[in-house]
Amino acid sequence: GDKDAVLTAIDLTAGYGAAPVLQKIKLDVRPGEMVALIGANGAGKSTMMRALSGLLRPVGGEVVLDNQRIEHEPAHMIAVRGLALVPEGRQVFPEMSVYDNLELGANTRRNVDYASEIEALLKRFPRLRDRINSKAGLLSGGEQQMLAIARGMMAKPRILLLDEPSLGLAPAMIQELFDVLADLRDEGITILLVDQMATLALAVADRGYVIDSGQIVREDTAAALASDPEVEAAYLGHV
Ligand code: ATP
């Protein structure tokens, strides 16, 4: 593991029954990096996000957040330590307003100046400004995804884990989403990104890992992975 990394997985093994889905995964994310995890359906990407964030208890290996072992900690404690997961499926609270959803994102912190922090966030997510008093459930899919990410940012996390943010979005909205992700990267937010849109993910990321059947089979700069014929043939076909 890299001592300077924000998040490190060392020989991480996890799954749902007798046969582990993830097998001895090694991965790290350094401060200010955006790292993409790419792989086919069922390769184990969501399982990886769940194991890192405490939603799934690993059966072996270590997860280290800011030099603290966290693999035995409950998810809410891991969140307090600064890992914010934006799970697959844009899980906003549909009956609550956009503003109240954003407030909830800061529930791991104390002494939050909601008004000024939300105002600052809305500069990055202008679509949400127009809808700030709407019920979240009335937003479009793309707007709900923006809200889910913005809510994750309200935690002021050490690292943000984004699981399939583009899933189910219209093409124009996917491009807008990746523009937002590029902005977050440029601001130095540390991000681990899983997305089916591998070409777009590698275009925005600094580094990437390829996961196949629960094992990391490639690790390189995002640019090197994006221009690798084998990676392209296996994973970059659908964009
Ligand atoms: P996708 O993009 O299709 O979600 P993924 O790479 O995120 O793919 P995972 O969702 O992590 O893959 O699934 C990895 C494997 O674990 C698959 O074989 C899947 O069937 C299995 N799996 C996922 N969730 C569960 C669960 N709750 N119980 C049992 N098996 C599961």
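Along every chain, residues carry numbers that run from 1 in the direction the sequence is written. The predicted nature of this model means local features are confined to residues of pLDDT at least 70 and side-chain atom pairs, given and counted, to a pLDDT of 80 or more, with totals for whole chains, interfaces and linings taken over all residues. Working from all heavy atoms in the structure, the side-chain values ignore hydrogens and water.

Per an unreviewed UniProt entry, the protein chain goes by the name ATP-binding cassette domain-containing protein and belongs to Tardiphaga alba.

A. Here's a closer look at the pattern of salt bridges. One side-chain nitrogen of Lys or Arg within 4 Å of one carboxyl oxygen of Asp or Glu is enough to make a salt bridge. Applying the stated criterion across every chain yields a total of 20 salt bridges. A salt bridge links Glu-117 to Arg-109; the shortest N-O distance between them is 2.8 Å. Burial classes: relative accessible area under 20% of the type maximum marks a residue as buried, over 50% as exposed, and values in between as partly exposed (1.4 Å probe, protein chains only). The class of Glu-117 is buried, set by a relative accessible area of 16%. Classification of Arg-109 by relative accessible area gives partly exposed; the value is 22%. Between Arg-218 and Asp-220 there is a salt bridge, with the nearest N and O atoms lying 3.6 Å from each other. We classify Asp-220 as partly exposed; its relative accessible area is 29%. Connected through salt bridges with shared partners, the residues Asp-28, Arg-30, Glu-33, Arg-207 and Glu-219 form a single ionic network.

B. Spatial organisation of the side chain of Arg-151. Secondary structure counts use DSSP, requiring at least four H or I residues in a row for a helix and at least two E residues in a row for a strand, with both numbered from the N terminus. As for its placement among the helices and strands, Arg-151 is situated in helix 6 (residues 141-153). The side chain of Arg-151 is buried and forms no salt bridge, while Asp-100, the nearest opposite charge, is found at 11 Å. One polar contact links Arg-151 to Asn-101, side chain to side chain, over a distance of 3.3 Å. Once you skip the residues sitting within four places of it in the chain, Arg-151 turns out to touch Gln-91, Val-92, Phe-93, Asn-101, Leu-102 and Gly-105. When charges are counted, neither His nor the chain ends are considered; positive counts come from Lys and Arg and negative counts from Asp and Glu. Here a polar contact is taken to be a pair of N or O atoms separated by no more than 3.5 Å, where protein atoms must pair a possible hydrogen donor with a possible acceptor and residues adjacent in sequence count only if both atoms sit in side chains. By definition, residues are in contact when any of their heavy atoms lie within 4.5 Å.

C. Representation of the confidence of the model for the protein chain. Confidence scores here are pLDDT values: one per residue, from the predictor, ranging 0 to 100. Taken over all residues, the pLDDT of the protein chain has a mean of 94, while the share at 70 or more is 98%. Note on the complex model: pTM 0.94, ipTM 0.93.

D. Inspection of the site of the ligand at higher detail. Being near a molecule or strand, for a residue, comes down to having at least one heavy atom within 4 Å of it. Residues in close proximity to the ligand include Tyr-16, Val-21, Ala-40, Asn-41, Gly-42, Ala-43, Gly-44, Lys-45, Ser-46, Thr-47, Glu-164 and Gln-196, which together make up its full environment. Between the ligand and Lys-45, the relevant distance is 2.8 Å, taken from an oxygen atom to a main-chain nitrogen or oxygen of the residue. At 2.7 Å, a backbone N or O of Ser-46 approaches an oxygen atom of the ligand. Methods summary: accessible areas were calculated by the Shrake-Rupley approach with a probe of 1.4 Å, and residue burial reflects only the protein chains presented. Burial of the ligand by the surrounding chains reaches 55%, relative to a free accessible area of 620 Å².

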